[in-house]
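Coordinate analysis (summary)
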Amino acid sequence: MESGREAGAGRPAVVIDDVSKTFMVPTEQVHTLKERALHPFRRSSHERLEALQGISFAVEPGEFFGIVGRNGSGKSTLLKCLAGIYRLDQGQIFIDGRLSTFIELGVGFNPDLAALDNVTINGVMMGLTPREAANRFDSVIDFAELQDFTDMKLKNYSSGMQVRLAFSVAIQVDADILLIDEVLAVGDAAFQQKCFDVFYRMRDEGRTVLLVTHDMSAVTRFCSRAALLDHGHLVDFGAPEDVARSYLDLNFGTGEAAAEPGADEARSGDGKALIEEAWFEDARGDRVEVLEQGSPARLVARARFLERIEHPDWRVLFENADHHPLFATSTTWAGLETGVIEAGDSATVAIDFEVPFAPGRIYATPALSYRGSGDRFIDRRERFASAVVTGVHHSGGLVMVPHDVSVSSEGPKA
Amino acid sequence: MTSAAAERTSQAIAEAAARAHAAAAGRTDPIPGPRALGVPLARFAALVWTIAVSEFKLKFYGSALGYLWQIMRPLLLFGVLYVFFTQILRFQDVEYYPVVLLQGIVIFSFVAESTTASVTSLVDQEPLVRKIQFPRLAVPLAIVLTALFNLMVNYVVVFVFLIIQGGTPLWTWLYQFPLLIVALVIITAAMSTLLSALYVRFRDVRPIWEVLLQTLYFISLILVPIEAVSNPTLQKLLLVSPFACIVEQLRHAVISPAAPTVTEILQPGALILVPIGIALALCIVSFTVFDRMAPLVAEEL
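Residues numbered from 1 in each chain as written. Chains lettered and ligands numbered in written order. Predicted model: local features only at pLDDT ≥ 70, side-chain atom pairs only at ≥ 80, totals over all residues. Heavy atoms only, no water.

So, about the overall build of chain A. Helices and strands together make up the secondary structure of chain A, namely 10 helices and 22 strands. Every one of the 414 residues in chain A was classed for burial, and the buried ones make up 47%. Within chain A, contacts between residues separated by at least 24 positions form 72% of all contacts whose residues are at least 6 apart in sequence. A total of about 20200 Å² of accessible surface is found on chain A, and carbon and sulfur atoms cover 49% of it. (Helix = DSSP H or I, 4+ residues; strand = E, 2+ residues; numbered from the N terminus. Buried < 20%, exposed > 50% of the residue type's maximum accessible area, 1.4 Å probe, protein only. Contact = heavy atoms within 4.5 Å. Areas by Shrake-Rupley, 256 points an atom, 1.4 Å probe, with all protein chains shown as cover.)

Laid out in structure tokens, this is it:
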């Protein structure tokens, strides 16, 4: 495909021209012949879900292109349209060169087969001949660092090993254009670094890569350009920094990325007030690092104001170590007036609760924002306070809901 | 978002669209989207072959006695039917009746295995279908090919059994047998393909097919040889089914040349066109339905 790439100096690698895709989501599924026969004239009712609406852009050869958007914005649908998995309702897609899609790790892996068979099948599905697929087995295994486990059935692999094999299989496909969906979040740190190295290498080799991701730092690190989708529309296009900023505008609350080097990465806001401290307290009012499940606790945050601000809104988000939001609250929701705070004054907020969280570390993200502004932060400090929750029962859930358990039994003799 | 940023954004989007429209203008080679086939035949064959071989391996490696298990099922069924049909109900004058019975069971197992696994195949392979672009037709055809491997394994037993029973090798083994197997595979593949496509829309295809398959078992001359049917009209009626024709003709070609051929029973000779026509129609309908369904499978699942 080398010639194609050179000949197409003015020709983009990927052209997406006015592409629309609508899903008809049936409100009641008619899934049997019987229902069709019983109600032949009933129109099955559908809801239209417009996943993509008139998307147009082009990706130049050799570009590392990011496609970003929130959940449900249509980015995965677009990727599947590019991959030829969904039929377009409108518009056209042109692709110059051999395409390899990488939508999910290990698609088609059979847990009962050994690595060689899986690598071969996967390669053949991706468009290689069986011989080519078998030939690249060694390089796949080398990259995945699984030399000692080639005869083992996949089901006996650890999940990390499976991921490594899957990733390795995907990148060893010799394609001109790669479609990659959210794969940066897998594997241990060393393997992730290896993935990044591969992405760099691909970029340097002049391959075209389309990366769908939530990770703005990956977008700003790798991508030459990016597109932002929202509700099926293209809402921004261009330099990754601009697009990342637009994404964060859309996605209020996650103030990461767009971080200048040296700055506190997890901090955002205009700085007219500074959150200086946040901590957990126990029932006696002592600052603690450990909270007991089910016992009263309090989170306190204190801010110093550099300018006069009227009725700022305090918000606190509690998360667990996996970044699952546990709960959030704000002074606005609580119906509190925070008053007018003069420059130089300090203000504190306190949240009292009985610890419902599952054992493990929890984090609190305090934030100050302008009243009614939604997402205009004065200061927001991500995971500024933390504590470890202890408890007897590790239920596997995120929280422990106060509850009662009762049993009874019945029988003929009772 | 500031107004300057908003302006930059809308300008960037407009420029992107302009670039895309300009690049698309005059081009006639858009990507085709998901299809039933849509790749060079060699690649398609390699795909079907690879999937089928690994499935077949799985069956054999799944248990220590893989091969034995593979031939055990038809043999056990054969044992039961053999006792019944030789001790209770007798077809004395049928040459090598036990072998005829065994062959019938082996052939029917192939059809049953192919079709029942194919019915749900597209739905079973949902993760694949939703995530990789590959010719959708490969899914049911790989299943038929796996079943064909099993059929080959089982046929070894049939031939061995025939020799033990005193049968002699025939010339028809060399040309009629392979041709008939090819015909059998084509018809079975067509049926499997059709069922897999229908099941995506209509989930009750599966129970319906189970019943039809049972019916097919009894009207396909597997248990009862054609001579045992006394009424000549009924004989002809049974041979309307292309599947029955193949079973009967295989008996003639593999086991006993004395057994009537399909053309001997279907008189006048033009009657042979009926099962052939049915088989052709099945192939056409099957491919048409699958071809129309293939682009939608990823969404309908």
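This brings us to the packing of helix α7 (residues 138-164) of chain B against helix α8 (residues 172-201) of chain B. Residue and element names in this part refer to chain B. Interaxial distance between α7 and α8 falls to 10 Å at its minimum, and their mutual angle equals 145 degrees. Seen from above, α7 lies across α8 with right-handed handedness. For the pair α7 and α8, the contacting residues are P140, L141, V144, L148, L151, M152, Y155, F159, L162 and I163 in the first and W173, F177, I181, L184, V185, A189, S192, T193 and S196 in the second. Across the contact of α7 with α8, the residue classes tally to 16 nonpolar, 3 polar and no charged. (Axes fitted to C-alpha atoms, helices over the stretch in contact; angles between N-to-C directions. Left-handed = near helix turned anticlockwise from the far one by under 90°. Nonpolar A, V, L, I, M, F, W, Y, C, P; charged D, E, K, R; others polar.)

To continue, consider the interface of chain A and chain B. Contact with chain A, which involves 54 residues of that partner, is made by 47 residues of chain B. Here chain A meets chain B over a buried area of about 4400 Å², counting both sides, of which 62% is carbon and sulfur. On inspection of chain A and its partner chain B, the count reaches 7 salt bridges. Taken together, the links from chain A to chain B amount to 9 residue pairs in polar contact (both at pLDDT 80 or more). Those elements that provide at least two residues to the side of chain A that touches chain B are β1 (14-26), α2 (33-38), β2 (46-59), α3 (75-82), β4 (90-95), α4 (115-125), β9 (233-238) and α10 (240-250) of chain A. At 6 residues, β1 of chain A tops the list of elements feeding residues into the side of chain A that touches chain B. Here the residues of the side of chain A that touches chain B are counted per class, giving 27 nonpolar, 11 polar and 16 charged. (Buried area = accessible area lost by both parts, 1.4 Å probe. Salt bridge = Lys/Arg side-chain N within 4 Å of Asp/Glu carboxyl O. Polar contact = N/O pair within 3.5 Å; in protein donor to acceptor, adjacent residues only side chain to side chain.)

Each α-helix winds once per 3.6 residues, and so residues spaced three or four apart point in a common direction. Taking 1.5 Å per residue as the helical rise, helix α4 (residues 97-119) of chain B with its 23 residues ought to reach 33 Å, and the 33 Å between its terminal C-alpha atoms agrees with that figure. With respect to burial, α4 of chain B is a largely interior element, 21 of its 23 residues being buried. (Expected span 1.5 Å × (residues − 1).)

Okay, the confidence of the model for chain B next. When pLDDT is averaged along chain B, the result is 87; 96% of the residues meet or exceed 70. For this predicted complex, the interface score ipTM comes out at 0.75, alongside a pTM of 0.70. (pLDDT = per-residue confidence, 0-100.)

Here the focus is unusual backbone geometry. Residue and element names in this part refer to chain B. The residue after Q267, namely P268, is reached through a cis peptide bond having omega -5 degrees. The residue Y96 is not glycine, and still its phi comes out positive at about 50 degrees. When you line up the elements, Y96 lands in the loop between α3 (66-88) and α4. What makes Y96 buried here is its relative accessible area of 19%.

Taken together, L234, L237, V240, V274 and I278 of chain B make up a surface patch of nonpolar side chains, about 380 Å² in accessible area. Elements with a contribution of two residues or more to the nonpolar patch: α10 (232-238) and α13 (273-293) of chain B. (Patch = residues over 30% accessible without salt bridge, like charges linked within 9 Å, V, L, I, M, F, W, Y side chains within 5 Å.)

Within this structure, the stated rule accounts for 24 aromatic pairs over all chains. Between W49 of chain B and F149 of chain B the ring centres are 5.4 Å apart and the planes differ by 85 degrees, which places this aromatic pair in the edge-to-face class. Highlighted residues: W49 of chain B in helix α2 (residues 41-62) and F149 of chain B in helix α7, separated in sequence by 100 residues. When its relative accessible area of 47% is taken as the criterion, W49 of chain B is described as partly exposed. Using a relative accessible area of 15% as the deciding quantity, one classes F149 of chain B as buried. Among the aromatic residues, ring-to-ring pairing joins F280, F318, F327, F353 and F357 of chain A into one connected group. (Phe/Tyr/Trp six-rings, centres within 6.5 Å; stacked < 30°, edge-to-face > 60°.)

All right, on to the pairing of strand β19 (residues 346-354) of chain A then. Residues and elements named next belong to chain A. Covered by surrounding structure in β19 are A347, V349, I351 and F353 only, the residues S346, T348, A350, D352 and E354 on the alternate face being uncovered. Pairing of strand β14 (residues 296-305) with β19, which is carried by 9 bridges, proceeds in the antiparallel orientation. Bridge pairing links R304 to S346 in β19. (Pairing = 2+ DSSP bridges.)

Once that is clear, we can look at the pattern of salt bridges. Any two side chains of opposite charge can pair, given that their charged atoms come close. With the rule as written, the count across this model stands at 31 salt bridges over all chains. When the shortest N-O distance is used, the salt bridge between K21 of chain A and E299 of chain B registers 2.8 Å. Residue K21 of chain A is located in strand β1, and its partner E299 of chain B is located in helix α14 (residues 297-300); the two belong to separate chains. Residue R130 of chain B is joined to E126 of chain B by a salt bridge in which the shortest nitrogen-to-oxygen separation is 3.1 Å. Of the two residues, R130 of chain B and E126 of chain B both sit in helix α6 (residues 126-131), 4 residues apart, roughly one turn of that helix. Classification of R130 of chain B as partly exposed rests on a relative accessible area of 22%.

Attention shifts here to the side chain of D313 of chain A. Residue and element names in this part refer to chain A. With respect to the secondary-structure elements, D313 resides in strand β16 (residues 313-320). At a separation of 2.6 Å, a polar atom in the side chain of D313 contacts the side chain of T331. If sequence neighbours within four positions are ignored, D313 has contacts with S330, T331, T332, A367, L368 and S369.

In this section: the nonpolar core. Membership of the largest hydrophobic core comes to 127 residues, with the highest contact counts inside it found for F57 of chain A together with Y155 of chain B. One finds L299, F305, I309 and I351 of chain A within the second-largest nonpolar core, a separate group that totals 31 residues. (Core = buried A, V, L, I, M, F, W, Y, C linked by side-chain atoms within 4.5 Å.)

With that settled, consider the sheet that holds β14 of chain A. The strands making up a sheet associate through hydrogen bonds between their backbones, and the pairing can be parallel or antiparallel. Residues and elements named next belong to chain A. Taken in spatial order, the 4 strands make up an open sheet running β12-β11-β14-β19, and their pairing is antiparallel. With partners counted over all chains shown, the strands left at the sheet margins are β12 (287-288) and β19, one partner each. Where strand β11 (residues 273-281) lies against β14, 8 bridges are found, and the strand directions are antiparallel. Residue pairing for β14: F280 is matched across the bridge by L299.

Residues and elements named next belong to chain A. If you walk across this open sheet you meet the 6 strands as β5-β6-β7-β3-β8-β9, and the pairing is mixed. Each having just a single partner strand, β5 (99-102) and β9 make up the two edges of the open sheet. In this sheet, adjacent strand axes meet at a mean angle of 15 degrees when their direction is disregarded. Relative to strand β8 (residues 225-230), strand β3 (residues 64-69) runs parallel, the two being bridged by 5 bridges. Residue pairing for β8: G69 is matched across the bridge by L229. α10 rests against β3, β8 and β9 of the sheet, and its axis sits at about 20 degrees to β8.

If you trace the backbone, E104 of chain A turns up in the loop between β5 and α4. Judged by its relative accessible area of 38%, E104 of chain A is partly exposed.

This next bit is on the pairing of β8 of chain A. Residue and element names in this part refer to chain A. The element β8 is largely enclosed, with a buried count of 5 among its 6 residues. Where β8 lies against β9, 5 bridges are found, and the strand directions are antiparallel. Looking at the pairing, A226 lines up with G238 of β9. Hairpin connection from β8 to β9: 2 residues lie between these consecutive antiparallel strands, with H231 at a positive phi of about 50 degrees.

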